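Listed below are the residues making up each chain.
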Amino acid sequence: MQVLDSGHLGESAEVEKRSLKIAIAGKGGVGKTTLTSLLAKHFVSQGRPVLAIDADPSPCLGPALGFPLEKLTRLIPLTEMEDLIAERTGTAQGGTGGFFKLNPRVSDLPDRLSDIHDGVRLLLLGAVAQGGAGCFCPASTLLQQLVRHVMLARNEVVLLDLYAGVEHLGRATADSVDVMLAVAEPTLRSLGTVAQIKTLAMDIGITDILLVGNKVSKEEDVQFLYDNAPDVPIAGFLRTSEFAMVADRTGASLYGLDDGLTRSIAEIASRMELGVPRR
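These remarks concern the structure in this document.

So, how was this worked out
Along each chain, the written sequence defines residue order, and numbers are assigned to residues from 1. For a predicted model such as this one, the threshold for reporting local features is a pLDDT of at least 70, and the threshold for listing and counting side-chain atom pairs is 80 or more; totals across whole chains, interfaces and linings nevertheless cover every residue. To get the side-chain values, all heavy atoms of the structure are used, and hydrogens and water are removed first. Working definition: rings of Phe, Tyr and Trp (its six-membered ring) pair if their centres are within 6.5 Å, and the pair is stacked with planes under 30 degrees apart, edge-to-face with planes over 60 apart, and tilted otherwise. Numbering goes from the N terminus for both helices and strands, where a helix is a DSSP run of H or I of at least four residues and a strand is a run of E of at least two. Strands pair, by our definition, only if DSSP identifies at least two bridges between them. To get an axis, fit a line to the C-alpha atoms, keeping to the stretch in contact for a helix; angles then go from 0 to 180 degrees between the N-to-C directions. Two residues form a contact once any of their heavy atoms are found within 4.5 Å. What makes a salt bridge here is a side-chain nitrogen of Lys or Arg within 4 Å of a carboxyl oxygen of Asp or Glu, nothing more. Using a 1.4 Å probe on the protein chains alone, a residue whose accessible area is under 20% of its type maximum counts as buried, one over 50% counts as exposed, and one in between counts as partly exposed.

### Observations regarding the packing of aromatic side chains
Stage number 1. A complete count under the given rule lists 1 aromatic pair for this structure.
Stage number 2. When the centroid spacing of 5.5 Å and the interplanar angle of 75° are considered together, the rings of tyrosine 226 and phenylalanine 237 count as edge-to-face. Note that tyrosine 226 is positioned in helix H10 (residues 219–228) and phenylalanine 237 in strand S8 (residues 234–239), a separation of 11 residues in sequence.

This is the structure we're talking about:
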């Protein structure tokens, strides 16, 4: 990852500074969505444009970002838009067989299908109901083409909150991923998933992978992560916060409620952008 000298930025460097593509992965329940929402708010606080993408079949990134209910109810996951999928891929509604376009037009979809709240643009992908991971069908084709466009062409900070594995990414998209953050709790099962994610990511060409330790409550947790993490540099830690329940109950964003978390997120973002791993 390129280190930028903010005092000597030309036009192309300014574009690169604005543009940052991050994929967030990890075992279910480890806090991927919390990390994604905190990073989104951090980059907005820097005055940078942010697109947050929720790839979970049960989307919850919107509430974590503090999106009001009236906006959330208007957001529909891409894979549930059968008419749009049929239009863009040239298939009958709900069709999976026969011929369809492998390169459907998607450039207008990120802005058309998303909404903005407090500076963060949110887009919901949803799940492909048929065929599972790797499904070769119109919905899957449109989804992957959209992700490819967003990661390659959008001049902003893009945060992709992955559901499981790296199925939304591919070799054509991997080069545009600046960093993959693997989130882990201080448990062996969680770290085992990080090892699997590393293998999957490297298989498609993603080599910049950093570990973020979450739900850390004591120094023993930090040491456990250092001692048992796979060969992945550690970008930082998020400690368990008493404000997490407050944010969840009130529908507010956690960012800004806990000064310690705000500092931790800033440190993680700085290490991630500068390419200086914490060991």
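Having seen it, we continue.
### A look at the sheet that holds strand S5 (residues 157–161)
In a beta sheet, neighbouring strands are held together by backbone hydrogen bonds and run either parallel or antiparallel to one another.
Stage number 1. The 8 strands lie next to each other as S3-S4-S2-S5-S1-S6-S7-S8, forming an open sheet whose pairing is mixed. Strands with a single pairing partner mark the edges of an open sheet, and in this sheet they are strand S3 (115–117) and S8. Recorded for the sheet is a direction-independent mean angle of 25° between the axes of neighbouring strands.
Stage number 2. Note that strand S7 (residues 209–216) and S8 share 4 bridges and pair parallel. Residue pairing in the sheet places glycine 213 in a bridge with phenylalanine 237 of S8.
Stage number 3. Contacting strand S1 (20–26), strand S6 (179–184), S7 and S8, helix H12 (residues 259–274) crosses the sheet at an angle of about 170° to S8.

### Some words on the pattern of salt bridges
Stage number 1. Under the criterion given, the structure shown has 13 salt bridges.
Stage number 2. Across the pair aspartate 118 and lysine 41 runs a salt bridge, and its minimum N-O distance is 3.7 Å. Highlighted residues: aspartate 118 in the loop between S3 and strand S4 (120–124) and lysine 41 in helix H2 (residues 32–45), separated in sequence by 77 residues.
Stage number 3. For aspartate 118, a relative accessible area of 51% translates into the label exposed.
Stage number 4. We note a salt bridge from arginine 154 to glutamate 156, for which the minimum N-O separation is 2.4 Å.
Stage number 5. With relative accessibility at 13%, the residue arginine 154 sits in the buried group.
Stage number 6. Since its relative accessible area comes to 6%, glutamate 156 is described here as buried.
Stage number 7. Connected through shared salt-bridge partners, Glu87, Arg88, Arg105, Asp108 and Arg112 make up one network.

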